Amino acid sequence: MRLSAYFMPTMKETPAEAQIVSHRLMLRAGMVRQASAGIYSWLPLGFRVMKKIEQIVREEQDAAGAQELLMPTVQAADLWRESGRYDDYGKEMLRITDRHGRDMLYGPTNEELITDIFRHAVRSYRDLPRILYHIQWKFRDEVRPRFGVMRGREFLMKDSYSFDVDYESARKSYNKMFVSYLRTFARLGLRAIPMEAETGPIGGNLSHEFIILANTGETQVFCHGDLLAYDVLAEEIDYAGDLSHIVDYWTRCYARTDDKHEPEVFAAEVPDDKRVERRGIEVGHIFYFGSKYSEPLDAFVTLQDGSQTAVHMGSYGIGVSRLVGAIIEACHDDDGIIWPESVAPFKVGLINLKVGNDACDALCEQLYGPLRNAGVEVLYSDRDDSPGAKFAEMDLIGLPWQVVVGPRGVKNGMVELKSRATGERQELAPDSAVARLTA
Ligand code: 5CA
């Protein structure tokens, strides 16, 4: 993509309304624009990042055996009356009346709708277990939407739902999602720690929040420091096998959000020098709630002996749009964003320091073409701006690699390759730079 043709409305000033760094950087980098309180338009740069996150979430859900479908955003109120949540949900639910006077709502979550799909389709234990998921916009009329996309009113969530015949089987589904969440967040470049958590309006008695540590997080968390060193990607995962040893490993140390925190237990279980008390951002939340929805909504299956049982269910959420902000909270410096390569909107920023200089222009084209042909996503800074402005802009938007082409280097047939994360610079021949970036 040539920057001269790209829609990326960056800002030099720091927007006054943004209180936290991720919000400031997202506005400055031209990733989002507020449409109204807690509701955002995603501009091309931000949208690219969100799509990459979505794809990693999808790949890890699929690997765990979950199947993707798509439910609508607008739901009928009657279904929520059946579960009893229509009134319970309170003012957070956006209620809508259609032209026929029917009560509708913009879904804040989908337990009722998925249970409705399931009860009409499945009658026998033979059709279980199943895990279904979708990636869809939600609306919650939060009292205080804030911090940009971190606590929005409209936000993109991946929500999965599991259906099993009994607790043992449901626990296996829960474990699959638990492990797939660990892998998902690690692939996004994040260290997310599963913590015992309250279940709130979703319900049930078994639940973990996946938390990344950040000073701007909204939750106070307490955990054992050893959890910060675990590496899940090093492990071979067999989703068909028993995953309980991995879940046990990740849950044997103290890790709780403030709702579940017990200071005496924390003090007794965790040595002084290992106690971590920090703020955290909730990027995922998983729940097992048994028959909380299947019973009132009449989602029963017939077992082998002919008896009927309400299906055991769980639900599993990831805040896809929140993750864009959360990753920035975890990955930035004073100059701007530092994208992990897996979610970067482009891998390479190609900087032409002297647009209009024949040798510089030609060398840039000589890099731009082969990189693109090799499938590398390149943003080519081809506008006639000052070098300082170009460097600042590239650092702000945080692409992992910068290739700098200037008149001095061109004379010697060299370009400069800079890593945004480490700041390390290297002089290379253009071919070597291409080879390095396509390796
Ligand atoms: N039905 C369950 C799981 S599918 C559910 O709704 N869980 S949740 O309420 O915990 O939301 C799941 C995830 O969505 C959260 O972990 C968080 O990352 C994200 N999320 C929740 N509320 C917001 C919000 N207002 N803005 C942005 N992301 C949010």
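Okay, so let's go over this structure. The structure presented is a predicted model; accordingly, all values stated were derived computationally and were not measured.

1. Looking at the sheet that holds strand S5 (residues 94-97)
So, step 1. The 3 strands are arranged S4-S6-S5 in an open sheet whose pairing can be described as antiparallel. A strand with exactly one partner marks an edge of an open sheet, and here the two such strands are strand S4 (74-76) and S5. On average, each strand axis in the sheet is tilted by 35° relative to the strand beside it, whichever way the strands run.
So, step 2. The sheet contact formed by S5 and strand S6 (residues 103-106) spans 4 bridges and is antiparallel. From the neighbouring strand, isoleucine 96 faces S6, where its bridge partner is methionine 104.

2. A few points about the pairing of strand S13 (residues 275-290)
So, step 1. As paired strands, strand S10 (residues 206-213) and S13 are joined by 8 bridges and run antiparallel to one another. Its bridge partner lying in S13, isoleucine 212 is registered against isoleucine 281.
So, step 2. Pairing of strand S11 (residues 219-224) with S13, which is carried by 6 bridges, proceeds in the antiparallel orientation. Paired with valine 221 across the strands is arginine 278, a residue of S13.
So, step 3. Pairing geometry for S13 and strand S16 (residues 312-319), over 6 bridges, is antiparallel. Bridged to glycine 284 within S16 is isoleucine 318.

3. Re the site of the ligand
So, step 1. The ligand sits among 22 residues. The nearest are Thr109, Glu111, Arg140, Gly152 and Glu282.
So, step 2. Here a nitrogen atom of the ligand sits 2.7 Å away from a polar atom, N or O, in the side chain of threonine 109.
So, step 3. Here valine 283 contributes a backbone N or O atom positioned 3.4 Å from an oxygen atom of the ligand.
So, step 4. Within the complex, the protein chains bury 95% of what would otherwise be the 600 Å² of accessible surface of the ligand.
So, step 5. Listed by contribution, the elements that provide at least two residues to the shell around the ligand are strand S8 (154-164), S13 and S16.
So, step 6. In terms of residue class, the shell around the ligand is made up of 8 nonpolar, 7 polar and 7 charged.

Definitions and cut-offs
By convention here, each chain's residues receive numbers from 1 onward along its written sequence. It should be noted that, the model being predicted, local features are given only for residues of pLDDT at least 70 and side-chain atom pairs only at 80 or more, the latter also being counted only at that level, while totals for whole chains, interfaces and linings use all residues. Water and hydrogen atoms play no part in the side-chain values, which are based on all heavy atoms of the structure. A pair of strands is labelled paired if DSSP reports no fewer than 2 bridges between them. A run of DSSP states H or I qualifies as a helix once it reaches four residues; a run of E qualifies as a strand once it reaches two. Both are numbered from the N-terminal end. The axes used here are C-alpha line fits, helices contributing only the stretch in contact, and every angle between their N-to-C directions lies in the interval 0 to 180 degrees. Only a single heavy atom is needed: when it lies within 4 Å of a molecule or strand, its residue is near that molecule or strand. As used in this structure description, the phrase polar contact means that two N or O atoms lie within 3.5 Å; if the pair is within protein, one of them must be able to donate a hydrogen and the other to accept it, and residues adjacent in sequence are counted only when both atoms belong to side chains. All accessibility values rest on the Shrake-Rupley procedure with a 1.4 Å probe; residue burial counts only the protein chains present in the view. The nonpolar class holds Ala, Val, Leu, Ile, Met, Phe, Trp, Tyr, Cys and Pro. Asp, Glu, Lys and Arg form the charged class, and all remaining residues, Gly among them, are polar.

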